[in-house]
Amino acid sequence: MTTRWQVCASRPVDYAVIQAPQLFARDNPLLAEFGRGAGSRRFVVVDDAVQRLYGQRIRAWFQAHGIDARLVPFVGGEDNKTVYAWRALARQLENFPIHRRDEPILAIGGGVLTDVVAFLAATHRRGVPHIKIPTTLMGYVDAAIGIKCGVNFEGAKNRLGAFEPPLAVLLDAGFLASLPMRHLRNGMGEIVKLAVIRDAALFRALEVAGADSLATRFATAAGQHLLDTAVEGMLQELTPNLYEDELARKVDFGHTFSYGLEALHADRLLHGEAVLLDVLVSVAVASGRGLLPAGAAHRVFALVDALGLAPDIGLLSGEAMWAAVQDRILHRNGRQRIPMPTAIGECTFVDDIHPAELASAIPFLRARFQERHERTVEC
Ligand SMILES: NC(=O)c1ccc[n+]([C@@H]2O[C@H](COP(=O)([O-])OP(=O)(O)OC[C@H]3O[C@@H](n4cnc5c(N)ncnc54)[C@H](O)[C@@H]3O)[C@@H](O)[C@H]2O)c1
């Protein structure tokens, strides 16, 4: 008889996602609640565009609170979501030592930055606390509020990564004021995804106020309501399954056929744009299978038009989509587990998508959207 020891433990996940308007107003004390105050240090990674626009304000906040902050600029964009970017940050952190427990690393930027910096926090000394402050719509409603982080590797998106809960996520929608319209629309892709697959009320709110919210950069009450509904819905979906023990996930909607497409077309496609392409393929396939009524498919397409999203169907290929499905089968432990809409806000999971269905969605979507895409590009 050999002896066997069973090690059994669990660690609670407990972090706040907080609406934080005017986060870097000099007298705003919120950020100082996390970690040690005056006399302490902070390693602060800031998206370079954000640093140019808000760097002075951020520096002034730390000065006012007596905290020695090292602001480290980071270039956003999928190209920089690499092991090299992670290593460069790790080196800079070596040159600016921080306490292991009470001097959290700060990540101020888009989804690329928060993914890489959270991965740095997960790996530095096997885990140090971090705070995420998203500055893009993609980060605000999705990338920054969960616990996944990582970098792309060998052409595969997010291949190296971790589940690393933050100390807090601080949401200041004021950053969206300077975000280019293409990046606002990019974040909209994730909101549309969430609405179609799990939230009919969010979908209606998008139909009513989505276009105006984009135009006003979410600075109106209706815009803030959209943001809050999207964050709330995303957290409800993520919280019971933070470590993805359950592999059939509604939030994987939009992340099957287009998996890795933005890494493949880094110069032409953003993550949310790839997600939107996948949503449209899924709607076309679900409709073709009779899973989704034609009226519901029409509403999705009409919403995409109304939001001014102009997907480039020309980037889709049947082979690439089928290759993406093969990778997702590995990721989802041997089964497709593809979320497919059955109504606005409802879905089922399927395991029997075949390549011909994907290929036939392309000409259908091209006929519906390509002219608008080309007109938008010409403008
Ligand atoms: N961890 C997750 O659960 C999760 C979820 C969704 C997406 N993601 C990841 O998010 C990434 C995409 O994030 P993204 O779209 O934010 O990209 P990004 O981080 O590259 O930012 C987009 C661009 O916006 C600029 N920018 C950022 N904030 C700005 C501001 N306030 N004003 C002006 N310019 C600003 C950046 O410099 C960059 O050029 C992808 O890599 C995706 O995989 C992760």
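On a predicted model such as this, the values are computed, not experimentally measured, just so you know. Residue numbers run consecutively from 1 along every chain, following the written order of its sequence. Per-residue local features of the predicted model are confined to residues with pLDDT of at least 70, and side-chain atom pairs are confined, for both listing and counting, to 80 or more; whole-chain, interface and lining totals are unaffected and use all residues.

### Re the overall build of the protein chain
Worth spelling out the cut-off: Numbered from the N terminus, helices here are DSSP runs of H or I no shorter than four residues, and strands are runs of E no shorter than two.
A tally of regular secondary structure across the protein chain gives 12 helices and 10 strands. The dimensions of the protein chain, computed from C-alpha atoms along their principal axes, are 70 × 65 × 35 Å.

### Quick look at the packing of helix H5 (residues 181–198) against helix H9 (residues 271–288)
Convention followed: Think of each axis as a best-fit line through the C-alpha atoms, taken over the contacting stretch in the case of a helix, with angles from 0 to 180 degrees between the N-to-C directions. Should the near helix be turned counterclockwise from the far one by less than a right angle, the crossing is left-handed, whereas a clockwise turn marks it as right-handed. It is the C-beta atoms, placed from the backbone, that decide contacts: two residues are in contact if theirs lie within 7 Å. Residue type decides the class: Asp, Glu, Lys and Arg count as charged, Ala, Val, Leu, Ile, Met, Phe, Trp, Tyr, Cys and Pro as nonpolar, and the leftover types, Gly among them, as polar.
Relative to each other, H5 and H9 sit at 35°, their axes nearing to 7 Å. For the pair H5 and H9, the crossing hand works out as left-handed. Packed against H5, whose contacting residues are Asn186, Gly187, Met188, Gly189, Glu190, Val192, Lys193 and Val196, the element H9 presents His271, Gly272, Glu273, Val275, Leu276 and Val279 at the interface. Across the contact of H5 with H9, the residue classes tally to six nonpolar, five polar and three charged.

### Structural notes on the domain arrangement of the protein chain
Stated precisely, the cut-off is as follows: Each domain span listed reflects an automatic or database assignment of domains.
Domain boundaries in the protein chain define domain 1 (16–177) and domain 2 (180–378). With 21 residues of domain 1 at the contact, the number on the domain 2 side is 26 residues. For the side of domain 1 that touches domain 2, the elements supplying multiple residues, two or more each, are helix H4 (137–143) and strand E7 (156–163). In terms of residue count, H4 provides more of the side of domain 1 that touches domain 2 than any other element does, five residues in total.

### A closer look at the site of the ligand
This is how the line gets drawn: Using a C-beta atom placed from the backbone, a residue is described as near a molecule or strand when that atom lies within 6 Å of it.
The ligand sits among 30 residues. The nearest are Gly76, Gly110, Gly111, Val112 and Thr136. Here the residues of the shell around the ligand sort into 11 nonpolar, 13 polar and six charged.

### Observations regarding H5
Note the threshold: A helix is expected to span 1.5 Å for every residue after the first. Three classes are used. A residue is buried when 20 or more other C-beta atoms lie within 10 Å of its own, exposed when 12 or fewer do, and partly exposed in between, with C-beta atoms placed from the backbone.
In this model, H5 (18 residues) spans 26 Å end to end at C-alpha, consistent with the 26 Å of a helix rising 1.5 Å per residue. Most of H5 is tucked away, with 15 of its 18 residues classed as buried.

### Comments concerning the sheet that holds strand E3 (residues 68–74)
Backbone hydrogen bonds are what pair the strands of a sheet, in a parallel or an antiparallel way. Note the threshold: Should DSSP find at least two bridges between two strands, the strands are taken to pair.
Pairing in this open sheet of six strands is parallel, and the strands run E1-E8-E5-E4-E2-E3 from one edge to the other. Taken across any chain shown, the strands that pair with only one partner, and hence form the sheet edges, are strand E1 (16–19) and E3. Taken pair by pair, the neighbouring strands of this sheet meet at an average axis angle of 20°, ignoring direction. The pairing of E1 with strand E8 (residues 168–171) spans four bridges and is parallel. When the bridges of E8 are listed, Ala16 appears paired with Ala168.

### Notes on the environment of Pro341
Structurally, the position occupied by Pro341 is in strand E9 (residues 338–343). For the pair formed by Pro341 and Arg198, sequence separation is 143 residues and the distance between their alpha carbons is 8.8 Å. If we skip the residues at most four places from it in the chain, Pro341 touches Val196, Ile197, Ser282, Val283, Ala286, Leu292, Glu346 and Cys347.

### Regarding the pairing of strand E2 (residues 41–47)
Quick reminder of the rule: Place the viewer so that the strands point away; then a crossover is right-handed whenever the path from the first strand over the helix to the second strand goes clockwise.
Most of E2 sits out of view: six of its seven residues are buried. The pairing of E2 with E3 spans seven bridges and is parallel. From the neighbouring strand, Arg42 faces E3, where its bridge partner is Ala69. Tracing the backbone out of E2, into helix H1 (residues 48–64) and back to the parallel element E3 gives a crossover that is right-handed. Across three bridges, the pairing between E2 and strand E4 (residues 105–109) is parallel. For Val46, the partnering residue across the bridge sits in E4 and is Ile108.

### Some details on the packing of helix H6 (residues 200–215) against helix H7 (residues 221–238)
Each packed pair of helices is defined by two parameters, the angle between the axes and the distance between the axes. Short version of the rule: Roughly parallel means an angle under 35 degrees; roughly antiparallel means over 145; roughly perpendicular covers 65 to 115; every other angle is labelled oblique.
The geometry of H6 relative to H7 is characterised by a closest axis approach of 9 Å and an angle of 135° between their N-to-C directions. When the axis of H6 is compared with that of H7, the two are oblique. Here H6 runs over H7; the crossing is left-handed. Mapping the contact onto sequence places Leu202, Ala205, Leu206, Ala209, Gly210, Asp212 and Ser213 in H6 and Ala222, Gly223, His225, Leu226, Thr229, Ala230 and Gly233 in H7.

### Topic: unusual backbone geometry
Trans peptide bonds make up the majority, and among non-glycine residues the majority have a negative phi. Phi at Asn158 takes a positive value of approximately 55°, unusual for a residue other than glycine. Mapped onto the elements, Asn158 comes out in strand E7. With phi around 55°, Arg217 is a residue other than glycine that occupies positive phi space.

### Remarks on the nonpolar core
The line we're drawing: Joining buried Ala, Val, Leu, Ile, Met, Phe, Trp, Tyr and Cys residues through C-beta atoms within 7 Å gives a set, and that set is a nonpolar core.
Among the nonpolar cores identified, the biggest contains 109 residues, and Val45, Val116, Val117 and Val281 are the most heavily contacted of them. By residue number, the principal contributor to this core is H9, which donates 11 residues. When residues of this core are sorted by domain, at least three fall in each of domain 1 (16–177) and domain 2 (180–378). Apart from the residues lying within four places of it in its own chain, the contact partners of Val45 are Val72, Phe74, Leu89, Leu106, Ala107, Ile108, Leu113 and Val117.

### Description of H6
The terminal C-alpha atoms of H6 lie 23 Å apart, and with 16 residues this matches the ideal 22 Å at 1.5 Å per residue to within 8%. Taken together, the buried positions of H6 are Leu202, Phe203, Leu206, Gly210, Ser213 and Leu214. Just past H6, the residue Arg217 takes up positive phi, approximately 55°.

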